[in-house]
Amino acid sequence: MADITLISGSTLGSAEYVAEHLAELLEQQGFSTDIQHGPQLDDLPQSGIWLLVSSTHGAGELPDNLQPLFKQISDRKADLSQVRYGAIGIGSKEYDTFCGAIVTVDRILADRGAKRIGEMLQIDITEHDIPEDPAEIWLAPLVELLN
């Protein structure tokens with residue numbers, strides 16, 4: 001079982017790149033990781049640490065590859081009380097729905113009993129051409145909380 005399960009939801013690949021970069025950094029620090037791009041609920045451990053990275057699609061919606069997972073979490077009323085998670089959103093402040101998907105993810109996970117570790121990160125792609133950079137900075141204090 002992985003120490004940290006990274007879950008990405010992406011339309012153009014940015015969230016996948018961020019998740020893969022963070023997995024490399026976590027492995028360098030001795031964590032084992034499992035990366036899941038758009039998993040089903042049954043693919044995920046129902047305890048431990050999840051790190052979610054999601055872009056925002058359309059009018060603040062979850063990317064297509066994350067919609068089934070969060071529908072399953074809601075429909076099954078999944079008990080996620082044994083899950084701790086970190087949350088990173090990627091979006092553009094040019095839109096009213098900036099990082100709306102990660103806000104939805106955070107709400108659903110909290111509603112199902114999961115507990116967020118640290119602060120949510122919202123990356124504005126108009127300020128950061130490479131979203132991996134602010135994610136890397138955000139990761140350092142999260143790792144401290146995990147140790």
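As a starting point, this report considers the structure included with it. The written sequence of each chain sets the order in which its residues are numbered from 1. Side-chain atom pairs in this predicted model are given and counted only at pLDDT of 80 or more, local residue features only at pLDDT of at least 70, and totals for whole chains, interfaces and linings cover all residues. With hydrogens and water set aside, each side-chain value is computed from the structure's full complement of heavy atoms.

**Examining the overall build of the protein**
Reasoning step 1: A helix here means a DSSP run of H or I that spans at least four residues, while a strand means a run of E at least two residues long, and both kinds are numbered starting from the N terminus. From N to C terminus, the protein includes four helices and six strands.
Reasoning step 2: Ordering the α and β elements of the protein from the N terminus gives β-α-β-β-α-β-α-β-β-α.
Reasoning step 3: The C-alpha radius of gyration computed for the protein amounts to 14 Å, which stays within 12% of the reference 15 Å derived for 147 residues, consistent with globular compactness.
Reasoning step 4: For the protein, the spread of C-alpha atoms along the three principal axes comes to 35 × 35 × 20 Å.
Reasoning step 5: Areas reported as accessible are Shrake-Rupley estimates using a 1.4 Å probe. Residue values count occlusion only from the protein chains shown. When the accessible area of the protein is evaluated, it comes to approximately 7,300 Å², of which 47% is carbon and sulfur surface.
Reasoning step 6: In this tally Asp and Glu are treated as negative and Lys and Arg as positive; neither His nor the chain ends contributes. Here the site of a charge means atom NZ of a Lys, CZ of an Arg, CG of an Asp or CD of a Glu. Of note, the protein has its 9 positive side-chain charges centred 14 Å away from the centre of its 24 negative side-chain charges. Atoms considered for the radius of gyration are the C-alpha atoms alone. The globule rule reads 2.2 Å times the number of residues to the power 0.38.

**Describing helix α3 (residues 100-111)**
Reasoning step 1: For a helix, the expected span equals 1.5 Å multiplied by the residue count minus one. Helix length check: α3 (twelve residues) gives 17 Å between terminal C-alpha atoms against 16 Å at 1.5 Å per residue, within 8%.
Reasoning step 2: Working definition: with a 1.4 Å probe on protein chains only, accessible area under 20% of the residue-type maximum means buried, over 50% means exposed, and in between means partly exposed. Among the residues of α3, Gly100, Ala101, Ile102, Val105, Asp106, Ile108 and Leu109 are the ones counted as buried.
Reasoning step 3: In the core, the buried residues of α3 are packed alongside β3 (48-55), α2 (67-75), β4 (83-91), β5 (115-116) and β6 (121-124).
Reasoning step 4: Within two residues after α3, Gly113 carries a phi angle of roughly 100°, on the positive side. Working rule for contacts: check all heavy atoms of both residues, and any pair within 4.5 Å makes them a contact.

**Examining the pairing of strand β2 (residues 33-37)**
Reasoning step 1: Strand pairing is assigned whenever DSSP identifies at least 2 bridges connecting the two strands. Taken together, the five bridges between strand β1 (residues 4-9) and β2 define a ladder with parallel strand orientation. Residue pairing for β2: Thr5 is matched across the bridge by Asp34.
Reasoning step 2: The handedness rule is simple: strands pointing away from the viewer, and a clockwise path from the first strand over the helix to the second, make the crossover right-handed. Handedness of the crossover joining β1 and β2 through helix α1 (residues 14-28) is recorded here as right-handed.

**Thoughts on the nonpolar core**
Reasoning step 1: Judged by nonpolar contacts, the single largest core of 24 residues is most densely connected at Leu22, Leu51, Ile88 and Leu139.
Reasoning step 2: For this core, the elements supplying multiple residues, two or more each, are β1, α1, β3, β4, β6 and α4 (132-146).
Reasoning step 3: In this structure, Ile88 is in contact with Leu22, Leu51, Leu52, Val53, Ser54, Ile102, Leu121, Ile123, Ala135 and Trp138, ignoring residues within four places of it in sequence.
Reasoning step 4: Only buried residues count toward a nonpolar core, which is a set of Ala, Val, Leu, Ile, Met, Phe, Trp, Tyr and Cys residues joined through side-chain atoms within 4.5 Å. Within the second largest apolar cluster, 23 residues are counted, among which are Ile7, Leu66, Leu80 and Leu109.

**Some points on the environment of Ser55**
Reasoning step 1: The residue Ser55 is located in strand β3 in this model.
Reasoning step 2: Judged by its relative accessible area of 8%, Ser55 falls in the buried class.
Reasoning step 3: Along the backbone, Ser55 and Leu142 are 87 residues apart, and their C-alpha atoms lie at a distance of 20 Å.
Reasoning step 4: Those residues in contact with Ser55 that lie beyond four places of it in its chain are Gly9, Ser10, Thr11, Ala15, Glu61, Pro63, Ile90 and Ala101.

**Thoughts on the packing of α2 against α3**
Reasoning step 1: Closest axis-to-axis distance for the α2/α3 pair is 10 Å, and the angle between their directions is 25°. With respect to α3, the axis of α2 lies roughly parallel. Seen along the crossing, α2 lies across α3 with a hand that is left-handed. Listed contacts from α3 to Phe70, Ile73 and Ser74 of α2 are Val105, Ile108 and Leu109.
Reasoning step 2: For the contact of α2 with α3, a count of residues per class yields five nonpolar, one polar and no charged. Geometry is summarised by axes, namely lines fitted to C-alpha atoms with helices restricted to the contacting stretch, and by angles between N-to-C directions that run from 0 to 180 degrees. Note on terminology: angles under 35 degrees are roughly parallel, angles over 145 are roughly antiparallel, angles of 65 to 115 are roughly perpendicular, and the others are oblique. Left-handed describes a crossing whose near helix is turned anticlockwise from the far helix through less than a right angle; right-handed describes the clockwise counterpart. Under the convention adopted here, Pro, Cys and the residues Ala, Val, Leu, Ile, Met, Phe, Trp and Tyr are nonpolar, Asp, Glu, Lys and Arg are charged, and Gly plus all remaining residues are polar.

**A closer look at the pairing of β1**
Reasoning step 1: Counting buried positions over the six residues of β1 gives six, a clear majority of the element.
Reasoning step 2: Taking every second residue as pointing to the same face, both faces of β1 are buried, with Ile4, Leu6 and Ser8 on one and Thr5, Ile7 and Gly9 on the other.
Reasoning step 3: Pairing geometry for β1 and β3, over six bridges, is parallel. Bridged to Ser8 within β3 is Val53.

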